[in-house]
Amino acid sequence: IVGFALLATQVGCGGAMQSQKKTETPLAGARRAQSEGRLNDAERLGKRAAEDGSLSSRLAYGEILVLRGKHRDAAKIVTPLVKKHPKNREAASLLARSLDGAGDTDKAIAAYAESLRLTPKNKAAAVRLTELLLSKGDAKMASRVAGASLKTHPNDPDLLTLLSRARLARGMLPAALDAAQQATKIQPDGARGWLQLAKCQTALGEQRLAIEAYRRCLGTDPQHSDALMGLGGLLVQQREYKQAADVLKRAVQVSPDDPRGHNALAAVYNRLQQHDNAVESMRRAHALNPRHPLLLRNLVEVMLDAGHAKEAAELADSMAAAMNAEGVSETTKAGLRRTLVRALVIAAVAEQICGSAPKADVVAQNAIAALRRHGLAATRAVVTRFAAEATPQAKAAARRCRKTAPIGGSVP
C-alpha cells in the first residue's frame, strides 16, 4: 500500500510539472532561461514573447539581447519603446546601456542624461555618463554630473575619483588633489583612487609623493598596467633606470599588446646602454602600431645607437611616407625629418667605415645623393654637421662591423 501511494504521488507530481511547462508563457520561459544562464534559449523565447508587442515582453527581450552582446539589436528594439513611453525608467536605462555597448557614444551620453533625469539617484548611470563625458573631452560637464551625484551619494569613492579626473582635466589641480585624497581615505584599498592621486601629484610636480601613490596602487592591484607605466615613467625622470626597467618589464608582461610599455622600456634600455635590448623592445612597439610616426622615429634612433645604420636607413622610405601622411603635426614632421637626415648620413659614414678607408668626399657625395632621393635639400655643410653630431652612432656602427667581420678578414 505504501509503495502504491508513493508511486501515485510521483505520477501526480510529474503530471503537475508537465502541466506547468505546457502553460508557461514564452515570457516566463525566457526569464527562467535567463536566470539559469541559458541565454540561447532565453533569446529564442524572448523573441517569441516580444511578438505580442507588450512593453514588458519587449523590454525583457532587449535585456536578453544586451546580455548576449547584441547591443545594436537591443537599441533597435528599445528606441521606439522610449519614444512611446518617455517616462519609463527601465526603458530609458536599457536604451542608454544598449547605445553605450554599441559604441554610439554621443547618443549614449544623451540617453544616460535622460535616464538620470528620470532616476536621479542612479549612481551607475552617473558614473558611466561621467566616464563618457571625460572620453569626449567634456571635463566641465563631467564635473557637474559627478558633483550632482555626490549630493545623493556623499563620500562615494568612485564619484570622488571621477570628480578628481574632471577637475584635473580642467587644470583645477588643488581641487583635483583634494577629491583624490578624499577617495583614498574613504577607500584605502581602492586602486583607482591611488592612481588618480598619483596623477594629481605628478601634475603638481610632487614626484616622490606620486611614486609612493603609484606603489600604493600596485600594492592593491600588482598588475595595474597604468600604474606600472606611470611609476616607470617617474622612475626614469628620477634617473632610477634599473628600477624603471624592472617596473616596465612587469608592464609589458601585463599588457603585451600595448606599444607604450615596449616604447618606454626601449628608452630605459638605451639609457642603460643596453642597445640590443632597446632595439628588440622598439621593434615590438613598432610592430604593434606600425603607422605611428613617433614609434617609427624611435625605432630608427635606437637602431642608430645600436650600430644598425644600414638597417635604419632602409626605413627611410617609411619615414618619408610618414612625413607626408595626413594628420601629422608640424612638430612631428620636423622630428622625422631630422631623424631621416641622421639615418642617411650615418649610413653613408658607416658604409665607408665598414667597407674601406674612409674618404670624406665620397661619404659626403653618397649622403647628399641619398638625401636628394628622398626629396631633402642637402649640402656639404649639412652633411658635415650631421656627421659630426653622429660620432657615437658611427662608432657603434664600426663596432657592429667588427663583430660581423668574416673570419680571417679585417675591418679598418
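Positions within a chain are numbered from 1, following the residues in the order the chain's sequence is written. Local features in a predicted model are, by the rule used here, given only for residues with pLDDT of at least 70; side-chain atom pairs are given and counted only at 80 or more, and totals for whole chains, interfaces and linings are based on all residues. The side-chain numbers reported here are obtained from all heavy atoms of the structure, hydrogens and water having been left aside.

## Overview of the confidence of the model for the chain
- On average, the chain scores 90 in pLDDT, and the residues at 70 or more come to 92%.
- pLDDT is a per-residue confidence score from the predictor, ranging from 0 to 100. Throughout, a residue-residue contact means that at least one pair of heavy atoms, one from each residue, lies within 4.5 Å. This stretch, residues 406–412, has a pLDDT under 50; its non-local contacts, to residues over four places away or in other chains, come to eight contacts.

## Some thoughts on the environment of L129
- Secondary structure counts use DSSP, requiring at least four H or I residues in a row for a helix and at least two E residues in a row for a strand, with both numbered from the N terminus. Tracing the chain through its elements places L129 in helix α8 (residues 123–135).
- Taking the C-alpha atoms as reference, L129 lies 9.1 Å from A111; in sequence the two are 18 residues apart.
- Residues contacting L129, with those up to four places away along its chain left out, are I109, Y112, A113, L116 and V145.

## Focus: empty space enclosed by the protein
- Only protein atoms enter the 1 Å grid, on which a cavity is a set of points fitting a 1.4 Å probe that cannot get out and a pocket is an open set with protein on both sides within 12 Å along at least 5 of 7 lines, lining residues being those with an atom within 4 Å of a point. Grid points are joined across faces, edges and corners, and a volume is the space filled by probe spheres set on the points. Under the defined criterion, the tally for this structure stands at one cavity of 30 Å³ or more.
- Estimated volume of the largest cavity: approximately 30 Å³.
- Among the secondary structure elements, those contributing two or more residues to the lining of the largest cavity are α14 (225–237), α15 (241–254) and α16 (259–271).
- Each residue receives one of three labels: charged for Asp, Glu, Lys and Arg, nonpolar for Ala, Val, Leu, Ile, Met, Phe, Trp, Tyr, Cys and Pro, and polar for the others, Gly being one of them. Split by residue class, the lining of the largest cavity holds three nonpolar, three polar and two charged.

## A word on α16
- By definition here, a helix of n residues has an expected span of 1.5 Å times n minus one. Under the 1.5 Å per step criterion, the end-to-end length of α16 is 19 Å for 13 residues, consistent within 8% with the ideal 18 Å.
- Of the positions making up α16, those classed as buried are P259, G261, H262, L265, A266, V268, Y269 and N270.
- Here the buried face of α16 lies against α14, α15, α17 (275–288) and α18 (293–306).
- Q273 occupies a position one or two residues after α16 and carries a positive phi of about 65°. Any residue under 20% of the maximum accessible area for its type is buried, any over 50% is exposed, and the rest in between are partly exposed; the area is computed with a 1.4 Å probe on protein chains only.

## Quick look at the environment of Y112
- Tracing the chain through its elements places Y112 in helix α7 (residues 105–118).
- Given the relative accessible area of 7%, Y112 is considered buried.
- The spacing of Y112 and L296 is 184 residues in sequence and 40 Å in space, taken between C-alpha atoms.
- When neighbours within four sequence positions are excluded, Y112 is seen to be in contact with A96, R97, D100, A125, R128, L129 and L132.
- Here D100 takes part through its side chain, which lies 3.0 Å from a polar atom of the side chain of Y112. In protein, a polar contact requires one atom able to donate a hydrogen and another able to accept it; more generally it is a pair of N or O atoms within 3.5 Å, and residues adjacent in sequence count only if both atoms are side-chain atoms.

## What about the state of the cysteines?
- When two cysteine sulfur atoms are found within 2.5 Å, that pair is recorded as a disulfide. For the coordinates displayed, the defined rule picks out zero disulfides.
- Unpaired in terms of disulfides, C200 finds its nearest cysteine sulfur in C217, a separation of 13 Å.
- The buried category is assigned to C200, whose relative accessible area is 1%.

## Quick look at the layout of surface pockets
- Considering only enclosed or pocket space, the largest pocket measures out at about 360 Å³ in volume.
- For the lining of the largest pocket, the elements supplying multiple residues, two or more each, are α19 (309–313), α21 (330–355), α22 (360–373) and α24 (391–404).
- Its residues assigned to classes, the lining of the largest pocket comprises 12 nonpolar, four polar and four charged.

## Things to note about the nonpolar core
- Core analysis: the biggest nonpolar cluster contains 77 residues, and V345 and L371 have the highest contact counts within it.
- The element contributing the most residues to this core is α21, with 11 residues.
- Look past the residues within four positions of L371 in its chain and what remains in contact with it is V341, L344, V345, L376, A378 and V383.
- Here, nonpolar core means buried Ala, Val, Leu, Ile, Met, Phe, Trp, Tyr and Cys residues that are tied together by side-chain atoms lying within 4.5 Å of each other. In this structure, A91, A125, L159 and A183 belong to the second largest nonpolar core, which totals 39 residues.

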